[in-house]
Number of protein chains: 2
Amino acid sequence: MRQKEFTRSYTMTAADCGPESVMTPQFLAAMVIEVATLHANQLGVGYDRLMLDGMTWVLSRLSLDMTRWPGINEVFTVTTWIEGVNRHFSERNFEICTADGEVLGYARSVWMGIRVRERSGGDLSLLESLRDVVSEKRCPVPPVPRLRAMPDDAVSTGYTFTYCDCDFNRHVNTVRYIELLLNRGSLDFYDTCQVSRLDIAFMHEARCGEEVTVEVAAEDNDSVWQCAVKHGDTVLTRAMIQFRKHIFNV
Amino acid sequence: MRQKEFTRSYTMTAADCGPESVMTPQFLAAMVIEVATLHANQLGVGYDRLMLDGMTWVLSRLSLDMTRWPGINEVFTVTTWIEGVNRHFSERNFEICTADGEVLGYARSVWMGIRVRERSGGDLSLLESLRDVVSEKRCPVPPVPRLRAMPDDAVSTGYTFTYCDCDFNRHVNTVRYIELLLNRGSLDFYDTCQVSRLDIAFMHEARCGEEVTVEVAAEDNDSVWQCAVKHGDTVLTRAMIQFRKHIFNV
């Protein structure tokens, strides 16, 4: 049963909402990764299959683009499909809808297989078997843009990665990078600025205990943040976060 | 349809597993809170019902007691039921099982309603309507113990709560307290010591931006940690974490 599209339904519980009582970008990132995993398992290309060849899936790029974030007790669905595959990458998209079919937003992701021992890119020939499940479904939001080098006036902050920042791959998890960047804003900031789009690209893995610098350059009256996480001179992650104005009444 | 017992089934995805490739305590805490929320909604005593009276649910105490943590791609169920209710508290238990019915562990929780404006305990008279859904199902693990004051030789570390540490209640989330405590151990520590039980009690709320101290006293050859999170002299949270020896081969 190899379905081109795979859908899961969720209820947005209060405890999983952020201070503005709606879904957070980091929660959506976790959902997107979960639904991708379940679909990959169903297609026979999940983590357990890759591990047979000594490989594991890692996320290379992720874009979240939301018109509206669901609120407390709202039921939402996440539908995923494969846009393209080759021996090195799998491109997978997501549509987030209400139970009534209102489109809340989209996500795009690019995955690669790496060899667990060597931590280098692996040959995903087995993905060629996926060509027949590539879907024609449209994802109307732009792909992950080229993320620029940081401007000189970026604000830099230190952080040391902890045990709970790391996942089964024994490296820092996508969700933690997103939180690390969002944490550069205050509660007051998010009561007037809401994330409309978040693009993140992973260049190098980070490990537990590593000391990094988090750089953020706010542009255009805080409507765009250019971001990077660096370990010494090595750029681990680049990101761009776009905000829209809103007013959250406490 | 007021069911005394409410069950949800989940697949433990790789990305939600910790560095030892099994479910983490913080993930279980989030699941337990989610299942409690869904059951409360079904019983008509969810957050939206309490908000009509200007109240919100807060977790007062939580115990996680696991014989075995599920691993990658394992299907597990969380069953919840109410053990007792009065006008001030609701006691809710959880059984975590495999798809085959193997019991993996239990959780206990104590919830209270607080008035959103005054941040003080509210009158949960509406809970009296729940007496007929109190279940006789047994929870064979001990209740949350009395958590002791910290010994003088505790190791103290500073931390400042961030935006992503806070939830819809605009205070620090249960999951974050658990992570804050677990982060006092290293990756190497957890490769040889696995959490067998975690008890946590919440005395006072913490807010975004608050600077706190995290105190941990390791006892009995690192088999038990006594923990506290303090804001000045005010104890926000006390906890006890019990570990069993295991060997995780990287």
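In the block above lies the structure referred to throughout.
No experiment lies behind these values; they were computed from the predicted model shown.

Undergrad: I tried to follow the overall build of chain A on my own but got confused; where do I start?
TA: A tally of helices and strands in chain A yields four helices and 10 strands. When the elements of chain A are put in sequence order from the N terminus, they spell out β-α-α-β-β-β-β-β-α-α-β-β-β-β. Its C-alpha atoms give chain A a radius of gyration of 18 Å, within 12% of the compact-globule value 18 Å for 250 residues. Counting only C-alpha atoms, chain A reaches 50 × 45 × 30 Å along its principal axes. For chain A, buried positions account for 60% of its 250 residues. Carbon and sulfur atoms form 48% of the exposed surface of chain A, whose accessible area is close to 10,400 Å². Of note, chain A has its 26 positive side-chain charges centred 6 Å away from the centre of its 34 negative side-chain charges.

Undergrad: Help me out: how do you make sense of the sheet that holds strand β7 (residues 193–202) of chain A in this one?
TA: Each strand in a sheet pairs with another by means of backbone hydrogen bonds, the pair being arranged parallel or else antiparallel. Residue and element names in this part refer to chain A. Overall, antiparallel pairing links the 10 strands, which are arranged β1-β3-β4-β5-β2-β7-β10-β9-β8-β6 in an open sheet. Single-partner strands in this sheet number two, and they are β1 (5–11) and β6 (155–160). Here the strands of the sheet are splayed against their neighbours by 25 degrees on average, with no regard to which way each runs. Pairing analysis gives five bridges linking strand β2 (residues 55–66) to β7, with the strands arranged antiparallel. Bridging from a neighbouring strand, Asp65 pairs with Arg197 of β7. Relative to the sheet, helix α3 (residues 174–182) contacts β2, β6, β7, β8 (211–219), β9 (224–231) and β10 (234–245), its axis offset from that of β7 by approximately 130 degrees.

Undergrad: Is there a simple way to explain the interface of chain A and chain B in this structure?
TA: If you look at the interface, chain A gives 41 residues, while chain B gives 41 residues. Between chain A and chain B the total buried area reaches about 3,500 Å² when both faces are included, carbon and sulfur atoms providing 56% of it. Ranking the residues of chain A by area buried against chain B places Tyr163(A), Phe168(A) and Arg170(A) at the top, with a combined share of 23%. At the junction of chain A and chain B, the tally comes to six salt bridges. Between Arg170(A) and Glu20(B) there is a salt bridge, and its shortest N-O distance comes to 3.9 Å. On inspection of chain A and its partner chain B, the count reaches 22 residue pairs in polar contact (both at pLDDT 80 or more). Listing elements by their share of the side of chain A that touches chain B, those giving two or more residues are α1 (25–42), α2 (47–52), α3 and α4 (187–192) of chain A. Counting residues per element, the side of chain A that touches chain B draws most heavily on α1(A), at six residues. Its residues assigned to classes, the side of chain A that touches chain B shows 18 nonpolar, 13 polar and 10 charged.

Undergrad: What should I look at first to understand the environment of Ser9(B) in this one?
TA: Residues and elements named next belong to chain B. With respect to the secondary-structure elements, Ser9 resides in strand β1 (residues 5–11). The exposure class of Ser9 is partly exposed, given its relative accessible area of 48%. Expressed as a C-alpha distance, the spacing of Ser9 and Leu38, which sit 29 residues apart in the sequence, is 13 Å.

Conventions and cut-offs
- Residues numbered from 1 in each chain as written.
- Chains lettered and ligands numbered in written order.
- Predicted model: local features only at pLDDT ≥ 70, side-chain atom pairs only at ≥ 80, totals over all residues.
- Heavy atoms only, no water.
- Helix = DSSP H or I, 4+ residues; strand = E, 2+ residues; numbered from the N terminus.
- Rg over C-alpha atoms; globule rule 2.2 N^0.38 Å.
- Buried < 20%, exposed > 50% of the residue type's maximum accessible area, 1.4 Å probe, protein only.
- Areas by Shrake-Rupley, 256 points an atom, 1.4 Å probe, with all protein chains shown as cover.
- Lys, Arg positive; Asp, Glu negative; His and termini not counted.
- Charge placed at Lys NZ, Arg CZ, Asp CG, Glu CD.
- Pairing = 2+ DSSP bridges.
- Axes fitted to C-alpha atoms, helices over the stretch in contact; angles between N-to-C directions.
- Contact = heavy atoms within 4.5 Å.
- Buried area = accessible area lost by both parts, 1.4 Å probe.
- Salt bridge = Lys/Arg side-chain N within 4 Å of Asp/Glu carboxyl O.
- Polar contact = N/O pair within 3.5 Å; in protein donor to acceptor, adjacent residues only side chain to side chain.
- Nonpolar A, V, L, I, M, F, W, Y, C, P; charged D, E, K, R; others polar.

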